[in-house]
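# Architecture at a glance
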Amino acid sequence: DAGVIQSPRHEVTEMGQEVTLRCKPISGHDYLFWYRQTMMRGLELLIYFNNNVPIDDSGMPEDRFSAKMPNASFSTLKIQPSEPRDSAVYFCASSEGPRWTGELFFGEGSRLTVL
Amino acid sequence: TQLLEQSPQFLSIQEGENLTVYCNSSSVFSSLQWYRQEPGEGPVLLVTVVTGGEVKKLKRLTFQFGDARKDSSLHITAAQPGDTGLYLCAGAKGSQGNLIFGKGTKLSVKP
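Quick look at the structure, then. (Residues numbered from 1 in each chain as written. Chains lettered and ligands numbered in written order. Predicted model: local features only at pLDDT ≥ 70, side-chain atom pairs only at ≥ 80, totals over all residues. Heavy atoms only, no water.)

### Details of the overall build of chain B
Summing up its helical and strand segments, chain B has 0 helices and 11 strands in all. Taken from N to C terminus, the helices and strands of chain B fall in the order β-β-β-β-β-β-β-β-β-β-β. In terms of overall size, chain B behaves like a compact globule, its C-alpha atoms giving a radius of gyration of 13 Å where 111 residues would be expected to give roughly 13 Å. Taken along the three principal axes of its C-alpha coordinates, chain B extends 40 × 25 × 20 Å. Classification of the 111 residues of chain B by burial places 44% in the buried group. Residue pairs in contact within chain B that sit at least 24 positions apart in sequence constitute 53% of those at least 6 positions apart. Within chain B, one finds 11 positive and 9 negative side-chain charges whose respective centroids are separated by 4 Å. (Helix = DSSP H or I, 4+ residues; strand = E, 2+ residues; numbered from the N terminus. Rg over C-alpha atoms; globule rule 2.2 N^0.38 Å. Buried < 20%, exposed > 50% of the residue type's maximum accessible area, 1.4 Å probe, protein only. Contact = heavy atoms within 4.5 Å. Lys, Arg positive; Asp, Glu negative; His and termini not counted. Charge placed at Lys NZ, Arg CZ, Asp CG, Glu CD.)

Take a look at the structure:
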């Protein structure tokens, strides 16, 4: 079975450009999460969706960040305009059910470098 | 404020040695998970502990949840190079709370 699929795996862009990261969760999973990982701050939750509805976006750093989930099989995280401090690895994860004892299934991540 | 403190940050050992890494907090968690992350990959769940004092074993890995559900430890017996990776603990508060991740312990096991 396919796991969580993210694209692109790597992106290098210049400051000010728009960046769009994509995620396909595991089929049947009701929850989708976007995380950002850096050496300094570790793994931080940006936003999560339940049944395609954003539930908590308190981790989204600024208005430059936005996330959508138009259907159960696709989500995007957009940064516009991008800044060097946005450089990080962005992970998408999905899980089934609301219980936090459940397993988060992570994608392989999208490594973003903003010059 | 980092709710979950992991120690040590880095650990480099020889194959065959034993080691323990720690995950500590001043907060109480309803459950705690351990993940392992290899370079270029996403974290993969190893175990979930939910009861204070609970001990779970996964081959050479032993996980313990503190009695007060504020801390956890991971002990690896006879470490192997395949154990190399970033070990992350993650705590949950209640059934609807956010899952908080520690910064991880980066383990390197040399042959």
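### Things to note about the interface of chain A and chain B
Contacts between the two partners involve 19 residues from chain A, matched on the other side by 22 residues from chain B. Of the roughly 1600 Å² buried where chain A meets chain B, counting both sides, 53% is carbon and sulfur surface. Remark: the boundary between chain A and chain B carries 0 salt bridges. On the surface where chain A and chain B come into contact, there are 4 residue pairs in polar contact (both at pLDDT 80 or more). Ranked by the residues each element gives to the side of chain A that touches chain B, the list is headed by strand β5 (residues 42–50) of chain A, at 4 residues. (Buried area = accessible area lost by both parts, 1.4 Å probe. Salt bridge = Lys/Arg side-chain N within 4 Å of Asp/Glu carboxyl O. Polar contact = N/O pair within 3.5 Å; in protein donor to acceptor, adjacent residues only side chain to side chain.)

### Here's the deal with the pairing of strand β11 (residues 110–114) of chain A
Residues and elements named next belong to chain A. Residues Ser110, Leu112 and Val114 line the buried face of β11, whereas the alternating positions Arg111 and Thr113 sit on a face that is not buried. Note: strand β2 (residues 10–13) against β11, 4 bridges, orientation parallel. The residue of β11 that forms the bridge with Val12 is Thr113. Where strand β9 (residues 88–95) and β11 come together, 3 bridges link them in antiparallel fashion. For Val89, the partnering residue across the bridge sits in β11 and is Arg111. (Pairing = 2+ DSSP bridges.)

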